[in-house]
Each structure stands twice: as structure tokens, then as C-alpha cells.
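Secondary and tertiary structure notes
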Amino acid sequence: MIKISPSVLTADFTSLGDAIKELDNAKTDMLHLDVMDGIFVPNISFGMPVVKSVRKITDTILDTHLMIDRPHRYIEAFAEAGSDIIGFHTEAGSDIGATLDLIHSCGKKTCLTIKPKTPAEDVFDYLEKCDMVLVMSVEPGFGGQKFMNEVLPKVTAIRERANALGMPLDIEIDGGINLETAPLAVKAGANVLVAGNVIFSAPDKGARLKELRECANN
Ligand code: DX5
Ligand code: ZN
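Residues numbered from 1 in each chain as written. Chains lettered and ligands numbered in written order. Predicted model: local features only at pLDDT ≥ 70, side-chain atom pairs only at ≥ 80, totals over all residues. Heavy atoms only, no water.

So, on to helix α1 (residues 16-25). By the burial criterion, the buried members of α1 are L16, A19, I20 and L23. Burial along α1 is one-sided: seen end-on, the buried residues are contained in an arc of 100°. Exposed and facing more than 90 degrees away from the buried side of α1 are D18 and N25. Against β1 (3-6), β2 (30-36), α2 (48-57), α8 (197-200) and α9 (205-217) lie the buried residues of α1. Of the residues trailing α1, K27 is marked for its positive phi of about 55°. (Buried < 20%, exposed > 50% of the residue type's maximum accessible area, 1.4 Å probe, protein only. Helix = DSSP H or I, 4+ residues; strand = E, 2+ residues; numbered from the N terminus. Arc of directions from axis to C-beta. Contact = heavy atoms within 4.5 Å.)

Right under this line is the structure:
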């Protein structure tokens with residue numbers, strides 16, 4: 001079963017609560033929260049206070065994607081704010097193994113994340129500490145970009161490695177997912193699809209979520 005993680009990055013934040021309720025009613029698998037610091041990526045989004053507010057209105061799994069410099073400094077803060085999954089980038093300047101351990105010690109799930117140009121092999125040494133691996137299919141920083149097909153072999157390489165280790169690893173893909181690219185990502189081995197623009201550009205977000213999930217599962 002493929003899971004969909006809608007990204008609220010392009011939401012209208014004055015009515016974020018309504019959008020989340022709509023996605024909850026459509027039984028979303030999780031919610032993807034993109035945290036950007038203007039240093040690791042050239043954009044600034046939101047931080048712990050927004051995660052804390054979202055936590056108050058939903059029981060859905062909060063899948064937090066930290067696009068921040070030296071993320072180990074903020075793991076406890078996001079855990080306290082209510083994140084369920086805490087993802088960070090291999091390229092962000094923290095000790096990878098120690099940060100994965102820190103997330104687990106806070107009782108949260110780990111998600112090790114790589115940018116499009118980072119080789120798949122960079123996550124191999126850490127797979128046993130990963131609950132999920134996120135392969136970016138756009139350069140991180142902005143929603144609404146075009147899917148990069150060239151990352152798909154990395155998804156397959158990570159899936160094969162996890163299978164060889166007998167691990168039921170979640171592999172998430174993030175950026176440019178739509179009704180055409182979702183089946184390609186699934187075929188490559190991804191089982192969690194982040195979906196921003198494809199959902200938030202639709203007049204009926206819940207209906208689009210269901211449509212995407214159906215298309216990804218077929
Ligand atoms: C980009 C973010 C993505 C983005 C996805 O840096 O990590 O989660 O919001 O948006 P779409 O689906 O529009 O590419
Ligand atoms: Zn993201």
C-alpha cells in the first residue's frame with residue numbers, strides 16, 4: 001500500500017487548519033511539514049510553533065522534513081513540538097549516525113534525506129538506523145518544481161539494498177509528484193509520496209488526494 005504525505009508548503013497559511021481537516025477527512029496517511037532556514041536552502045518557511053499548532057488539531061503522523069543547517073541542534077525541539085518522523089539531510093553538517101540515534105532516543109522515527117545530486121551510497125552505512133529514507137526529486141527549497149527522472153535509479157538502488165538486508169524500509173520521494181510521475185516513483189521502489197502542488201492546486205484537496213493514492217496503487 002502506497003502512502004501519500006501531503007506537503008502544506010504551498011498552503012494558504014491563514015486557513016491551514018481547514019486544509020488539514022480536509023486532508024484528515026480524506027484519510028491522509030501523514031502530513032509533510034517542510035522546515036526551511038534560509039541557510040541550508042534559499043527559502044524560509046516555518047518552525048516549531050507551526051508544528052506545535054498543527055499537532056493540536058490532528059492525530060495524523062507528522063512527517064517533518066528539516067531543511068536546516070546542523071539539524072542536530074533542533075531535534076529535541078521538533079520532538080517536543082509533536083513531530084512523529086524527523087527527517088534531516090546528509091548534507092546539512094550534523095554527525096549522521098549520532099543524529100539518527102538522537103531522534104530515536106526522543107522516541108521518534110528517523111528519515112535520512114538526500115538531495116538529487118547526492119549518491120544513494122551515502123545512506124547505505126546508516127540504513128539500519130533509518131525508519132525511512134527520503135530521496136529528493138527536486139532541489140530542495142520550493143514547491144511546484146519539475147520532477148527529476150534521473151533520481152529514480154537511486155530509489156531502486158536503496159530499495160535493493162534494503163531488501164538485501166531484509167529491511168521493510170519506507171522510501172519517500174519528494175518534489176514534482178503528480179498523476180504522471182507517481183507511478184514512475186512507485187515502480188522504482190518508493191512507497192511514500194510527498195505531494196504539494198498537485199494537492200494544493202486542486203479545488204477539492206481531499207478528492208485529489210484520493211485520486212493520487214488510487215493512481216499510485218495501480
Ligand atoms: C521542497 C519540499 C517539498 C515540496 C513539494 O523543498 O521539500 O516537500 O513542498 O512540493 P511539490 O509536490 O509541489 O513539488
Ligand atoms: Zn519536503
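So, next bit.
Turning our attention to the pattern of salt bridges. Enumeration according to the criterion identifies 8 salt bridges in this entry. Between K205 and E22 there is a salt bridge; the shortest N-O distance is 3.8 Å. Separated by 183 residues along the polypeptide, K205 in helix α9 and E22 in helix α1 bring together distant segments of the chain. Owing to a relative accessible area of 16%, K205 belongs among the buried residues under this scheme. Between K117 and E139 there is a salt bridge; the shortest N-O distance is 3.2 Å. One end of the pair, K117, is in the loop between β5 (109-114) and α5 (121-124); the other, E139, is in the loop between β6 (132-136) and α6 (152-164), and 22 residues separate them in sequence. Since its relative accessible area comes to 70%, K117 is described here as exposed. (Salt bridge = Lys/Arg side-chain N within 4 Å of Asp/Glu carboxyl O.)

Here we take up the packing of aromatic side chains. Given two aromatic rings, their pairing is described by the distance between the two centres and the angle made by the two planes. Summed over all chains, the structure comprises 1 aromatic pair. Ring geometry for F13 versus F46: centroids 5.9 Å apart, planes at 70°, classification edge-to-face. Here F46 lies in the loop between β2 and α2 and F13 lies in the loop between β1 and α1, a separation of 33 residues in the sequence. Using a relative accessible area of 42% as the deciding quantity, one classes F13 as partly exposed. Overall, F46 belongs to the buried group, its relative accessible area being 10%. (Phe/Tyr/Trp six-rings, centres within 6.5 Å; stacked < 30°, edge-to-face > 60°.)

A separate point is the coordination of the zinc ion (ligand 2). Between any two of four tetrahedral donors, the ideal angle at the metal is 109.5 degrees; between two of six octahedral donors, it is 90 or 180 degrees. The zinc ion (ligand 2) binds to the protein through H32 (NE2), D34 (OD), H65 (ND1) and D174 (OD), with metal-donor distances spanning 2.1 to 2.3 Å. With 6 donor atoms in place around the zinc ion (ligand 2) and angles of 69 to 170° between them, the coordination shape is octahedral. Linear spacing of the donor residues for the zinc ion (ligand 2) on their chain is H-x1-D-x30-H-x108-D. Taken together, the residues D34 in strand β2 and D174 in strand β7 (residues 170-174) connect sequence positions 140 residues apart. For the pair D34 and D174, a shared accessibility class is recorded, and that class is buried. (Donors = N, O, S within 2.8 Å, 3.2 Å for Na, K, Ca; no water. Tetrahedral: all angles 85-135°; square planar, octahedral: opposite > 155°, others 65-115°.)

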